[in-house]
Amino acid sequence: MKFKIFPFLDGLQRTFRGMAGVTLENPKIGEYNEPEFFSDYTCSIGLIGIERASLILTLSEKVATEITSMITGKVLSGGEKIITDTIGELLNMAVGVAQKLSGEKFDFSLPVSVKGKSHQINVIKDKRTFRAIFLLNGEEICLYLTNSQIME
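Residues numbered from 1 in each chain as written. Predicted model: local features only at pLDDT ≥ 70, side-chain atom pairs only at ≥ 80, totals over all residues. Heavy atoms only, no water.

Caption draft 1: Summary view of the confidence of the model for the protein chain. Residues of the protein chain with pLDDT of at least 70 account for 94%, and the chain-wide mean is 88. Within the protein chain, the lowest mean pLDDT, 84, falls on strand β5 (residues 112–122), and the highest, 95, falls on helix α2 (residues 61–72). (pLDDT = per-residue confidence, 0-100. Helix = DSSP H or I, 4+ residues; strand = E, 2+ residues; numbered from the N terminus.)

In structure tokens:
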């Protein structure tokens, strides 16, 4: 299968609404042509069908902490391990929702989460990458889909 970006966008919006009770505004979507991007919290999941793809969620520490606090009901100051775990689980659930919405069957890896102030993520040069920028209280939440033949 060629991965389509829209089920993943819808899956992320539904997951954030259902788990954290927040509405992500409709994203600004476009092809991403820079060699890298930076984030405080990143989670990646590999997607495997006929094609292989990567789905990457990035958030600032502020947004990641707020979302995790909303979901857990705990007051967090940032940097706690539960934040990294929660971001990974949110992306994992969003991929499951996307699979259901798309009606396609594909395999996906366990989420890999990374935290670190403004860490760098390199983009694979021979792959097309799309980025969707959602806004939550004026802060960006980005979802990247990297694949050689992404269908829009």
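Next comes the rest of the account.
Caption draft 2: Summary view of unusual backbone geometry. Even without being glycine, Ser118 reaches a positive phi, approximately 55 degrees. Here Ser118 shows up in strand β5. If you check the backbone angles, Asn137 has positive phi at about 55 degrees while not being a glycine. Note on placement: Asn137 falls in the loop between β6 (128–136) and β7 (139–147).

Caption draft 3: The arrangement of the pairing of strand β3 (residues 52–59) in detail. Counting buried positions along β3 gives 6 out of 8 residues, so the element sits mostly inside the fold. Of the pairings in the sheet, the one linking strand β2 (residues 36–48) to β3 comprises 8 bridges and is antiparallel in character. Residue Leu47 lies in a different strand from β3, and its bridge partner there is Ala53. Sheet topology places β3 next to β7; 6 bridges connect them, and they run antiparallel. Across the sheet, the residue bridging to Leu57 is Leu143, located in β7. (Buried < 20%, exposed > 50% of the residue type's maximum accessible area, 1.4 Å probe, protein only. Pairing = 2+ DSSP bridges.)

Caption draft 4: Spatial organisation of the side chain of Gln99. Along the chain, Gln99 falls in helix α3 (residues 81–102). Taking relative accessible area as the criterion, Gln99 reaches 14% and is therefore assigned buried. At 2.6 Å, the side chain of Gln99 forms a polar contact with the backbone oxygen of Phe106. Setting aside its immediate chain neighbours within four residues, Gln99 contacts Glu104, Lys105, Phe106 and Phe108. (Polar contact = N/O pair within 3.5 Å; in protein donor to acceptor, adjacent residues only side chain to side chain. Contact = heavy atoms within 4.5 Å.)

Caption draft 5: Representation of the state of the cysteines. Overall, the coordinates contain 0 disulfides when judged by the stated rule. With no disulfide of its own, Cys43 lies closest to Cys142 among cysteine sulfurs, the gap being 14 Å. Assessed through its relative accessible area of 0%, Cys43 is described here as buried. We classify Cys142 as buried; its relative accessible area is 6%. (Disulfide = S-S within 2.5 Å.)

Caption draft 6: Molecular detail of the pattern of salt bridges. Within this structure, the stated rule accounts for 5 salt bridges. Across the pair Arg14 and Asp10 runs a salt bridge whose closest N-O atoms are separated by 3.3 Å. Note that Arg14 and Asp10 are positioned in helix α1 (residues 5–20) at a spacing of 4 residues, about one turn of the helix. Of the residues examined, Asp10 reaches a relative accessible area of 26% and is grouped as partly exposed. With its nearest N and O atoms 3.3 Å apart, the salt bridge here joins Glu31 to Arg128. In this pair, Glu31 sits in strand β1 (residues 28–31) while Arg128 sits in strand β6, placing the two residues 97 residues apart along the sequence. (Salt bridge = Lys/Arg side-chain N within 4 Å of Asp/Glu carboxyl O.)

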